[in-house]
Number of protein chains: 4
Amino acid sequence: MSYREYRNCIDACLECVDVCNHCASSCLKEQNVGHMTRCIQLDLECAAICYATAQLMSLGSQYARQLCSLCATICRECADECRMHHNDHCRECAEICMECADECTRMLEQ
Amino acid sequence: MSYREYRNCIDACLECVDVCNHCASSCLKEQNVGHMTRCIQLDLECAAICYATAQLMSLGSQYARQLCSLCATICRECADECRMHHNDHCRECAEICMECADECTRMLEQ
Amino acid sequence: MSYREYRNCIDACLECVDVCNHCASSCLKEQNVGHMTRCIQLDLECAAICYATAQLMSLGSQYARQLCSLCATICRECADECRMHHNDHCRECAEICMECADECTRMLEQ
Amino acid sequence: MSYREYRNCIDACLECVDVCNHCASSCLKEQNVGHMTRCIQLDLECAAICYATAQLMSLGSQYARQLCSLCATICRECADECRMHHNDHCRECAEICMECADECTRMLEQ
């Protein structure tokens, strides 16, 4: 697969990195942080895998698609958790994580 | 400075990470790779600093602006090198690096 | 400065990345997570800057030393916060952050 | 699996990140860089996957082992390429990549 075909997925992964890091940091400022710990944990895992996936795609690695599969899984779990909270940063994070999961899944189908 | 104010700069940094990694990998496939070594080296340095800068901004770190200053410097040096080559990936990289340098400089002025 | 001279500092930065990420994740499991939020936040900032600093040193970048300066500052702030907590992961993190800060400062003196 | 059990593998991954980035940068300075392009490309892919794997382990992620599997594969391919070159940095990189692959494989067996 070419870089051009990867580009939407790279963009989705990098946006997801940003939004996950922002969500983690914002959750830490919430009064009920005790209820946000799983959200923060998954944000951090999701940011890590999304960045690596974006890197392998940007580098045109033949292993990029294998990472897309795990990335989609973690993005979906992070989205499922974020969806349960009503803060703006969690809602945005849930949405962007799902978009990223969808883009990663699309890579696997090609 | 708030996350909202950072957002353009975060986007610019993350696009720069992508384009620099793609440029490095593409330079490695050029026939005259011996002429591209400085470009590849700077691409890798630029990708590293841009990612860290984006992370600190996404996290809302008080140190983000200090990193923006170094990021702008490295982006400009990478752009200056890329501009000397005529491959599409180098030209695109030069352009995106300059946009990133400009966004980082804008952060410093606020 | 050569890679050989950098090596102790690279090792210190990478160990700091590991210990900061571990501390952040462990803090999230503490019952009094409400008291650990600044620790988690600084852990994440510290991990981000330490990784970028290690990368620029591994790549032999001329900008590595400039990043060492900011890295030492963030490591010290993270250590100061971690030192105030009595969990094993915070104590270890405080110690490793100080070692990293010292190694980064040593780079600046050469 | 606990952080304590992961620690050897985290150390191996982070050392591999360092050595791969150093090998890539050193290859760029070799006179016969035209023969080193596959080595540089795999160094960059290997550094990216090793860092993500270390991060997921440091964070105690349940997905860490799935990433260890892909990490071992890429480390082995990078080692196979590096082994074909006689520069010190390539020889060291081949050795450290194999150690990292072995540690990652050990994680899968537990």
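Above this text is the structure in question.
Remember, it's a predicted structure, so these values are computed and weren't measured experimentally.

Undergrad: Now, about the side chain of H22 of chain A: what can you tell me, with residues and values included?
TA: Structurally, H22 of chain A can be placed in helix 1 (residues 3-27). For H22 of chain A, a relative accessible area of 14% gives the class buried.

Undergrad: With reference to specific residues and values, describe the pattern of salt bridges.
TA: Taken as a whole, this structure holds 24 salt bridges over all chains when the rule is applied. D18 of chain D is the partner of R7 of chain C in a salt bridge, and the nearest nitrogen-oxygen pair spans 3.7 Å. With one member in each of two chains, R7 of chain C in helix 1 (residues 3-27) and D18 of chain D in helix 1 (residues 3-27) form a pair that bridges those chains.

Undergrad: Can you break down the packing of aromatic side chains residue by residue, with the values?
TA: Under the criterion given, the structure shown has 2 aromatic pairs over all chains. Between Y51 of chain A and Y51 of chain B the ring centres are 3.5 Å apart and the planes differ by 0°, which places this aromatic pair in the stacked class. Residue Y51 of chain A is located in helix 2 (residues 37-58), and its partner Y51 of chain B is located in helix 2 (residues 37-58); the two belong to separate chains. The exposure class assigned to Y51 of chain A is buried, which follows from its relative accessible area of 8%.

Undergrad: Can you explain the interface of chain A and chain D? Please cite residues and give values.
TA: Counting from both sides, the interface comprises 18 residues of chain A and, opposite them, 18 residues of chain D. For the pair chain A and chain D, the summed buried surface comes to about 1600 Å²; carbon and sulfur atoms form 67% of the total. In this structure, the connection of chain A to chain D is made through 0 salt bridges. At the boundary of chain A with chain D, the tally comes to 8 residue pairs in polar contact (both at pLDDT 80 or more). If you list the elements that add at least two residues to the side of chain A that touches chain D, you get helix 2 and helix 3 (64-82) of chain A. Among the elements that line the side of chain A that touches chain D, the one with the most residues is helix 2 of chain A, at 8 residues. A class-by-class count of the residues in the side of chain A that touches chain D yields 10 nonpolar, 6 polar and 2 charged.

Rules used in this analysis
Residues numbered from 1 in each chain as written. Chains lettered and ligands numbered in written order. Predicted model: local features only at pLDDT ≥ 70, side-chain atom pairs only at ≥ 80, totals over all residues. Heavy atoms only, no water. Helix = DSSP H or I, 4+ residues; strand = E, 2+ residues; numbered from the N terminus. Buried < 20%, exposed > 50% of the residue type's maximum accessible area, 1.4 Å probe, protein only. Salt bridge = Lys/Arg side-chain N within 4 Å of Asp/Glu carboxyl O. Phe/Tyr/Trp six-rings, centres within 6.5 Å; stacked < 30°, edge-to-face > 60°. Contact = heavy atoms within 4.5 Å. Buried area = accessible area lost by both parts, 1.4 Å probe. Polar contact = N/O pair within 3.5 Å; in protein donor to acceptor, adjacent residues only side chain to side chain. Nonpolar A, V, L, I, M, F, W, Y, C, P; charged D, E, K, R; others polar.

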